[in-house]
Amino acid sequence: MKQIILTAPGKLEYREIGNKMNVTDTTVKVEVKACGICGSDMALYNGTRDLTNEHYFGHEFSGVIVDPGKGDNGMKAGMRVASELVKGCGKCWYCRNGLANYCKSLNDVLLPGGFTEQTLVTNTEEYSFLSPIPDELDDITATIMEPANCAYHVAMKANICPGDTVLVFGLGAIGLVAALILKSMGAGTIIGADRSPLRIEEIRKTGLLPIVNTTDPNWKDQVREMTAKQGIDAVIEATGAPAVLKDALDMARYGGRIVVPSVYHGSIDGFEPLPIMRKELTIVGSKGPAPQMKSDGTSAVVDKVLELKDSLSKIIKVYDYKDYEQAFADARSGAAIKAVVKF
Ligand SMILES: [Zn+2]
Ligand SMILES: [Zn+2]
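Residues numbered from 1 in each chain as written. Chains lettered and ligands numbered in written order. Predicted model: local features only at pLDDT ≥ 70, side-chain atom pairs only at ≥ 80, totals over all residues. Heavy atoms only, no water.

Asks: Can you help me understand the layout of surface pockets in this one?
Replies: Sizing a probe to match a water molecule and rolling it over the atoms shows the empty space that remains. The space that makes up the second largest pocket amounts to roughly 290 Å³. What lines the second largest pocket is a set of 20 residues, among which Val-86, Leu-130, Pro-132, Gly-297 and Thr-298 lie closest to the centre. Those elements giving two or more residues to the lining of the second largest pocket turn out to be β5 (80–87), β8 (128–132) and α10 (300–307). Here the lining of the second largest pocket takes 4 residues from β8, the largest share from any one element. Grouping the amino acids of the lining of the second largest pocket by side-chain chemistry returns 6 nonpolar, 9 polar and 5 charged. (1 Å grid on protein atoms, 1.4 Å probe; cavity = no way out; pocket = protein on both sides within 12 Å on 5 of 7 lines; lining within 4 Å. Points joined across faces, edges and corners; volume = space filled by probe spheres on them. Helix = DSSP H or I, 4+ residues; strand = E, 2+ residues; numbered from the N terminus. Nonpolar A, V, L, I, M, F, W, Y, C, P; charged D, E, K, R; others polar.)

Here you go:
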């Protein structure tokens, strides 16, 4: 069995790893069809996140169950599945307090990860990191289920009313998919903001939303031109650049809301927190995927991905596994909004 391995920051290898994976009472075996490159994979690749204690690489995958294991987990051989956090354990302090996105770290659920021909996934009656893929959804678009789960969480935290204006800073997959989900939930004008010319060009081609380039000196006026002059109802700050939080405080309206799914490193020079009080702002964090279970026990994210599949497919660029170097290079440069490696 072969795997794309990150041996050191910037150093990828496609190599034979043998086949010693056996399912247990709590795992199922999945033959991977495709795996998306996440921002967290890029952080490992770029060396901004430490590789030492990482168990796996790649967690946005689709595939087929080849061994459903011994557990009673609703999985059968031949079922098409995609990764996403469907259920937390329901027993830990976090799950019992409505914080199931903190239940069991992702590092425990997936070995050796999605950039491989086969992987083991923890899947029990209580805990699930796999959703069945509907027949109408292809394997490539299904890889976006996991980031769509994170984006769904962001959209829920935005707590919008129909017609609300939304400004999304940072048009990586999370920001962009959150924008699409918010649109589907009834948001009014949604504007994207980014500073990467290559990424802006790629997204403009899709026609999914209007974009301002925050390197333009008058970008704030451009936003005000497109929205109500008193500011934005809900701002999503998904850049990962701490200084952009200042712009978020500035652009939000009085009583507005700012959602922060950004993974920040570092601090903000000259940060002025006064607008938080003056404008009565609400600032909320949004961390990772979270179970979005419907009353029938299945995931609302699956329905949302199906509903938005035509738009979502526009932001995916597919690479054969042999071209993994190119996939990572394009994910880094912004030439691919969401690079997906096909096995
Ligand atoms: Zn991810
Ligand atoms: Zn739990």
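Asks: I would appreciate a short explanation of the pairing of strand β10 (residues 190–194) in the present structure.
Replies: A regular strand carries its side chains on alternate faces of the sheet. The buried count for β10 comes to 5 of 5 residues, which makes it a mostly enclosed element. Note on the crossover from strand β9 (residues 166–169) through helix α5 (residues 173–184) to β10: the handedness is right-handed. Bridge count between β10 and strand β11 (residues 211–213): 3 bridges; the pairing is parallel. When the bridges of β11 are listed, Gly-192 appears paired with Ile-211. With respect to chirality, the unit in which β10 leads through helix α6 (residues 197–206) into the neighbouring parallel β11 is right-handed. (Buried < 20%, exposed > 50% of the residue type's maximum accessible area, 1.4 Å probe, protein only. Right-handed = clockwise from strand over helix to strand, strands pointing away. Pairing = 2+ DSSP bridges.)

Asks: Even after reading the chapter, I still don't get the domain arrangement of the protein, so can you show me in this structure?
Replies: Partitioning the protein into domains gives domain 1 (2–143 + 308–342) and domain 2 (151–285). Put simply, the middle of domain 1 and the middle of domain 2, counted by C-alpha atoms, are 28 Å apart. Contacts between the two partners involve 13 residues from domain 1 and, on the opposite side, 17 residues from domain 2. Buried surface at the junction of domain 1 and domain 2, both sides included, amounts to about 1100 Å², of which 74% is carbon and sulfur. A per-residue breakdown of the area domain 1 buries against domain 2 is headed by Leu-308, Ile-315 and Ile-337, which together make up 41% of the total. In this assembly, domain 1 and domain 2 are joined by 0 salt bridges. Among the residues forming the side of domain 1 that touches domain 2, the class breakdown is 5 nonpolar, 5 polar and 3 charged. (Domains from an automatic or database assignment. Contact = heavy atoms within 4.5 Å. Buried area = accessible area lost by both parts, 1.4 Å probe. Salt bridge = Lys/Arg side-chain N within 4 Å of Asp/Glu carboxyl O.)

Asks: Explanation requested: the sheet that holds strand β12 (residues 232–237) in the structure shown.
Replies: Strand pairing in a sheet is mediated by backbone hydrogen bonds. Such pairs are either parallel or antiparallel. Spatial strand order, β11-β10-β9-β12-β13-β14: 6 strands in an open sheet with parallel pairing. Each edge of the sheet is formed by a strand with only one pairing partner; in this case those strands are β11 and β14 (282–285). Here the strands of the sheet are splayed against their neighbours by 20 degrees on average, with no regard to which way each runs. (Axes fitted to C-alpha atoms, helices over the stretch in contact; angles between N-to-C directions.)

Asks: Would you explain the coordination of the zinc ion (ligand 2) in this entry?
Replies: Note on metal sites: the ideal angle is 109.5 degrees for four tetrahedral donors, and 90 or 180 degrees for six octahedral donors. Bound to the zinc ion (ligand 2) on the protein side are Cys-89 (SG), Cys-92 (SG), Cys-95 (SG) and Cys-103 (SG), at distances that span 2.3 to 2.4 Å. Geometry at the zinc ion (ligand 2) is tetrahedral, judged from the 4 donor atoms that bind it and their angles of 101 to 118 degrees at the metal. One chain supplies every donor to the zinc ion (ligand 2), and in sequence these donors are spaced C-x2-C-x2-C-x7-C. With a gap of 11 residues between them, Cys-92 in the loop between β5 and α2 (93–96) and Cys-103 in the loop between α2 and β6 (110–111) connect regions that are remote in the sequence. A relative accessible area of 22% places Cys-92 in the partly exposed class. (Donors = N, O, S within 2.8 Å, 3.2 Å for Na, K, Ca; no water. Tetrahedral: all angles 85-135°; square planar, octahedral: opposite > 155°, others 65-115°.)

Asks: Is there a simple way to think about the nonpolar core in this case?
Replies: For soluble globular proteins, the rule of thumb is that nonpolar side chains tend to be buried together. One finds Val-166, Leu-182, Ile-190, Leu-209, Ile-236, Val-305 and Ile-315 to be the most contacted residues of the largest nonpolar core, which totals 46 residues. Two domains each donate at least three residues to this core, and these are domain 1 (2–143 + 308–342) and domain 2 (151–285). Residue contacts for Ile-315: discarding those within four places in its chain leaves Ile-144, Leu-176, Val-177, Leu-208, Ile-337 and Lys-338. With 36 residues, the next largest nonpolar core counts Val-30, Cys-35, Tyr-56 and Tyr-324 among its residues. (Core = buried A, V, L, I, M, F, W, Y, C linked by side-chain atoms within 4.5 Å.)

Asks: Just to check I follow, could you spell out the packing of helix α4 (residues 145–158) against α10 for this structure?
Replies: Two quantities define a packed helix pair, namely the angle between the axes and the distance from one axis to the other. Packing of α4 against α10 brings their axes to within 10 Å, and their N-to-C directions diverge by 105 degrees. The orientation of α4 with respect to α10, classified from their angle, is roughly perpendicular. Of the residues in α10, those touching α4 at Met-145, Ala-148, Asn-149 and Tyr-152 are Ala-300, Val-301, Val-302, Lys-304 and Val-305. (Parallel < 35°, antiparallel > 145°, perpendicular 65-115°, else oblique.)

Asks: Quick question: what am I supposed to make of unusual backbone geometry here?
Replies: In most cases, non-glycine residues show a negative phi, while peptide bonds are predominantly trans. Omega for the bond connecting Leu-111 with Pro-112 falls within 30 degrees of zero, at 0 degrees, which places this linkage in the cis form. As for its position among the elements, Pro-112 is in the loop between β6 and β7 (118–122). One non-glycine residue, Asn-159, adopts positive backbone phi at about 50 degrees. When you line up the elements, Asn-159 lands in the loop between α4 and β9. Residue class for Asn-159 comes out exposed when judged on its relative accessible area of 54%.

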